[in-house]
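Listed below, chain by chain, are the residues.
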Amino acid sequence: MTSYSAFYRQSIEQPDAFWTEEARLVDWYKPFHQVCDYSRPPFAKWFVGGETNLCHNAVDRHAAARPHDAALIYVSTETGHEITYSFAELKAEVMCMAAIMQSLGVGRGDRVLIYMPMIPEAAFAMLACARIGAVHSVVFGGFAPHSLALRIDDAQPMLIVSAEAGIRNGKEIPYKHLLDEAIELSQMPPNRVLMIDRGLHKGWNKVAGRDVDYETLRAEHRYAEVPVTWLESSEPSYILYTSGTTGKPKGVQRDTGGYCVALASSMKRIYCGEAGETMFTTSDIGWVVGHSYIVYGPLIAGMATIMYEGLPINPDPGIWWRLVEKYRVSVMFSSPTAIRVLKKHDPAWLKKSDLSSLKHLFLAGEPLDQPTHEWIMSGLDRPVIDNYWQTETGWPILSSVHGVEKTEIRYGTPAFAVYGYKLKIFREDGTECDANEKGIVGIEPPLPPGCLSTVWGDDERFVRTYFSLFKEPLVYSSFDWGIRDEDGYHYILGRTDDVINVAGHRLGTREIEEAIQSHPAIAEVAVVGVKDEVKGQMPVAFAVVRDAARIATAELCKALEKEVMLAVDATLGAIGRPSRVHFVGGLPKTRSGKMLRRSIQAIAEGRDPGDLSTLDDPNTLANIKALLG
Ligand code: ATP
Ligand code: MG
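Rules used in this analysis
Residues numbered from 1 in each chain as written. Chains lettered and ligands numbered in written order. Predicted model: local features only at pLDDT ≥ 70, side-chain atom pairs only at ≥ 80, totals over all residues. Heavy atoms only, no water. Domains from an automatic or database assignment. Contact = heavy atoms within 4.5 Å. Buried area = accessible area lost by both parts, 1.4 Å probe. Salt bridge = Lys/Arg side-chain N within 4 Å of Asp/Glu carboxyl O. Polar contact = N/O pair within 3.5 Å; in protein donor to acceptor, adjacent residues only side chain to side chain. Helix = DSSP H or I, 4+ residues; strand = E, 2+ residues; numbered from the N terminus. Nonpolar A, V, L, I, M, F, W, Y, C, P; charged D, E, K, R; others polar. Pairing = 2+ DSSP bridges. Axes fitted to C-alpha atoms, helices over the stretch in contact; angles between N-to-C directions. pLDDT = per-residue confidence, 0-100. Near = heavy atom within 4 Å. Areas by Shrake-Rupley, 256 points an atom, 1.4 Å probe, with all protein chains shown as cover. UniProt positions renumbered as here; feature names shortened; annotations may be inferred. Phe/Tyr/Trp six-rings, centres within 6.5 Å; stacked < 30°, edge-to-face > 60°. Buried < 20%, exposed > 50% of the residue type's maximum accessible area, 1.4 Å probe, protein only. Expected span 1.5 Å × (residues − 1). Right-handed = clockwise from strand over helix to strand, strands pointing away. Arc of directions from axis to C-beta.

## A closer look at the domain arrangement of the protein chain
Phase 1: Taken domain by domain, the protein chain holds domain 1 (4-480) and domain 2 (499-628).
Phase 2: Once you take the C-alpha centre of each, domain 1 and domain 2 turn out to be 32 Å apart.
Phase 3: In this assembly, 29 residues from domain 1 lie in contact with 22 residues from domain 2.
Phase 4: Both sides of the domain 1 and domain 2 interface together cover about 2000 Å² of buried area, and 46% of this is carbon and sulfur.
Phase 5: Lys438 serves as the salt-bridge partner of Glu511, at 3.2 Å between the closest nitrogen and oxygen.
Phase 6: Our count for the contact surface shared by domain 1 and domain 2 stands at 11 residue pairs in polar contact (both at pLDDT 80 or more).
Phase 7: When residues of the side of domain 1 that touches domain 2 are traced back to their parent elements, those giving at least two are α6 (145-155), α12 (336-343) and α13 (370-380).
Phase 8: In terms of residues, the side of domain 1 that touches domain 2 owes the most to one element, α12, which gives 3 residues.
Phase 9: Of the residues contributing to the side of domain 1 that touches domain 2, the split by class is 8 nonpolar, 11 polar and 10 charged.

Structural data, given as structure tokens:
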């Protein structure tokens, strides 16, 4: 085994040779003649002239070699459905869906918006688009009409694929109704809506001339043979919006060849998944993790993938581990948020199933605090690997790369820069930070394969948003704040927008939040910087307690607030001490589970909270507003 540092160095110093080797993990219909065209910075084109197809690599090549192996395993604890599709069956379903799309006029380069719950047809639709060269835009199911309408207008889809309803914790979400309202609001309504009827909601409104029924068309195209459309490597595969944690979501445009290579490579080097094994990613197809590691990544690697509709604690907190046992899951991928939910329950649930097949658990999306990391790693007795990445990049930026070298896992850090990323920590003036010095996490372009090619329909916004951090040098800004220690381990300290400046000392929200979380009474916390006449800004904390009894009276609240402040003093010093610790019932988060600090800060400063289209539970914010009077 080579050392990871040598492997990383090769990727940076000899990118052409390095990526030519990685590109062998993918089938090419026509070979590329140039590894990277970077003649128009910061735009990069990977594997120029090469022709390939994501669906071919994810489905067809495995259907030919191992037709009867499991490909898609669908489990819904909401409806009780559980079904396995082999690669051959998946191919047939995808071809049928592709034929239906073609019959509705969809062709290469046309957009298809997918607004669907976690049902197999959502994966069929994504893969069918990839097959015929259509560009999908998956919008998280349950987004409100206004948010959906904006995404319809941005993508201008020829077709929308949807279902009549979603279901969460037994509660129905009326997708079709929300969709009809969104189309009403849209300036660019689609010609056709392909409706999958799950049989959950009877009597949904069918718009004549526009809405067509999947089951009827499926019967017609059941045995269709639809050849793949070979695409030039840079042709777009999909559009996907960022979570909107820091403002208006950005429509990320992904290419075809670079993404395919990055995913194939990451499945081998980072996730250590082998063909014939099973991967279980607990995300939703509406997020980047769902795109890369529910649908495309595992299938490209020839693995079976589990698509799960339901909560981690229904019917009980052991459900995920039973699935690991039943389907012999070897690679699992989830989020710190989900693990924090499980952590509220008895750890004995982790021990009830046979987890011998499981090699690693990966977590991404939010900072992984040490108590949560320790809890899950000791509970599972497996390496739990923190991944840091973004919708923009499509695959990890920071990770332990266990498929190359089994480096030590440390708490609180997603470890090393992933190969291909020229990742540096920058000072405000564009110079590079020393070890252990806080700064902005940036990437020197060209960005590696797999990362966004541009912002959909807006090259100018791509450059302005991501590459205007400094006049010189040209750097991609992650908008995150972090440090690298002398061993090369990285720590993400929070969003650059959220950095709190107390009397000239700059503190990441994460630093203070971790200090507060070290207090055993605290389940969850958000810290924001609030304007202060004397110190510039003061940290203010909003915390959820594990046990409501700790805050039953005003005296108890005061006492706990004091204890929390002392906990911060002990770890960070008085400079990080929040001026107030407010106890709340819940914290505002995006639908993908990310803390919406900017909305709390705005409320605390008496400002308008801005775009809240991705806010999951408006009550959380309303309660904070009421609390602050
Ligand atoms: P928007 O860009 O619209 O504001 P967003 O940044 O939340 O939304 P995503 O692309 O879903 O959209 O999230 C990426 C961000 O999530 C990262 O920039 C980082 O702030 C955070 N993040 C992801 N993984 C980790 C991790 N392992 N540790 C710390 N932070 C993480
Ligand atoms: Mg972001």
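That covers the picture; the talk isn't over yet.
## Focus: the sheet that holds strand β16 (residues 278-281)
As a general point, the strands of a sheet are linked pairwise by backbone hydrogen bonds and lie either parallel or antiparallel.
Phase 1: If you trace the 7 strands from one edge of the open sheet to the other, you get β5-β4-β17-β16-β18-β19-β20, paired in mixed fashion. For this open sheet the edge positions go to β5 (82-86) and β20 (384-387), each flanked by a neighbour on one side alone. The sheet shows a mean angle of 20 degrees between the axes of neighbouring strands, direction not considered.
Phase 2: Two elements, strand β19 (residues 360-364) and β20, share 4 bridges in a ladder whose sense is parallel. Residue Leu361 lies in a different strand from β20, and its bridge partner there is Val384.
Phase 3: Lying on the sheet, helix α4 (residues 87-103) is in contact with β4 (70-76) and β5; it crosses β5 at an angle near 90 degrees.
Phase 4: Contacts between helix α10 (residues 288-300) and the sheet are confined to β4, β16, β17 (304-309) and β18 (329-334), with β17 contributing the most and set at about 150 degrees to the helix.

## Some thoughts on the sheet that holds strand β27 (residues 490-495)
Phase 1: Read across the open sheet, the 4 strands follow the order β23-β24-β26-β27; overall the sheet is antiparallel. Strands at the two margins of the open sheet, each flanked by one partner only, are β23 (422-426) and β27. Between one strand and the next, the sheet's axes are offset by a mean angle of 45 degrees, whatever the strand orientation.
Phase 2: As paired elements, β23 and strand β24 (residues 439-444) share 5 bridges and run antiparallel to each other. The residue of β24 that forms the bridge with Lys422 is Glu444.

## Brief notes about the confidence of the model for the protein chain
Phase 1: With 100% of its residues at a pLDDT of 70 or more, the protein chain has an overall mean of 95.
Phase 2: The ipTM assigned to the predicted complex is 0.99, against a pTM of 0.96.

## Brief notes about the site of ligand 1
Phase 1: In the neighbourhood of ligand 1, 20 residues make up the surrounding shell, with Gly244, Thr245, Thr246, Thr391 and Asp480 lying closest.
Phase 2: One of the backbone N or O atoms of Gly244 is found 2.6 Å from an oxygen atom in ligand 1.
Phase 3: Here an oxygen atom of ligand 1 and a side-chain polar atom of Asp480 are 2.5 Å apart.
Phase 4: Compared with its free state, where it exposes 630 Å², ligand 1 has 95% of that area covered by protein.
Phase 5: Residue assignment for the shell around ligand 1 shows that the elements contributing at least two residues are β20 and β27.
Phase 6: In the shell around ligand 1, the residues fall into 4 nonpolar, 9 polar and 7 charged.

## Examining the UniProt feature "domain: AMP-dependent synthetase/ligase" (unreviewed entry) in the protein chain
Phase 1: When the UniProt feature table is mapped onto this chain, "domain: AMP-dependent synthetase/ligase" (unreviewed entry) is found at residues 60-441.
Phase 2: Structurally, residues 60-441 comprises 31% helix and 23% strand, and the distance from its first C-alpha atom to its last is 39 Å.

## Some words on the UniProt feature "domain: Acetyl-coenzyme A synthetase N-terminal" (unreviewed entry) in the protein chain
Phase 1: Summarizing the sequence annotation, UniProt attributes the feature "domain: Acetyl-coenzyme A synthetase N-terminal" (unreviewed entry) to residues 4-58 in the numbering used throughout.
Phase 2: End-to-end, the C-alpha atoms of residues 4-58 are 28 Å apart, and along that stretch the chain is 42% helix and 27% strand.

## Let's talk about the packing of aromatic side chains
Phase 1: This structure, assessed with the given rule, holds 41 aromatic pairs.
Phase 2: For the pair Phe7 and Phe18, a centre-to-centre distance of 5.1 Å together with 70 degrees between the ring planes defines the contact as edge-to-face. Highlighted residues: Phe7 in helix α1 (residues 4-13) and Phe18 in helix α2 (residues 15-22), separated in sequence by 11 residues.
Phase 3: Classification of Phe7 by relative accessible area gives buried; the value is 10%.
Phase 4: Residue class for Phe18 comes out buried when judged on its relative accessible area of 2%.
Phase 5: Pairing Phe143 with Trp287 gives two aromatic rings, centres 6.5 Å apart and planes at 90 degrees, and the pair type is edge-to-face.

## As for helix α9 (residues 257-269)
Phase 1: With 13 residues, α9 extends 18 Å between its outermost C-alpha atoms, agreeing within 8% with the 18 Å of an ideal straight helix rising 1.5 Å per residue.
Phase 2: When you tally the buried positions in α9, you get 12 out of 13 residues, the bulk of the element.
Phase 3: Turning to α9, its buried residues number three or more, namely Gly257, Gly258, Tyr259, Cys260, Val261, Ala262, Leu263, Ala264, Ser265, Ser266, Met267 and Arg269.

## Here we look at the pairing of strand β31 (residues 536-545)
Phase 1: For β31, the buried fraction is high: 9 of the 10 residues fall into the buried class.
Phase 2: When strand β30 (residues 522-532) meets β31, the two strands line up antiparallel, connected through 10 bridges. Across the sheet, residue Ala526 finds its bridge partner in β31, namely Phe542.
Phase 3: Joining the antiparallel neighbours β30 and β31 is a turn of 3 residues.
Phase 4: When β31 meets strand β32 (residues 580-583), the two strands line up parallel, connected through 4 bridges. Bridging from a neighbouring strand, Val540 pairs with Arg580 of β32.
Phase 5: Handedness of the β-α-β unit built from β31, helix α16 (residues 554-572) and β32 comes out right-handed.

## Remarks on helix α14 (residues 459-466)
In an α-helix, one full turn covers 3.6 residues, which means residues spaced three or four apart are oriented alike.
Phase 1: Among the residues of α14, those classed as buried are Arg461, Phe462 and Tyr466. When α14 is viewed along its axis, its buried side chains cluster within an angular range of 105 degrees and face the same direction.
Phase 2: Where the residues of α14 are buried, they touch β2 (43-48), β25 (454-455) and β26 (476-484).

## Remarks on the side chain of Lys589
Phase 1: One can find Lys589 in the loop between β32 and α17 (597-604).
Phase 2: Apart from residues lying up to four places away in sequence, Lys589 is in contact with Thr337, Glu524, Lys594, Met595, Leu596, Thr614, Leu615 and Asp616.

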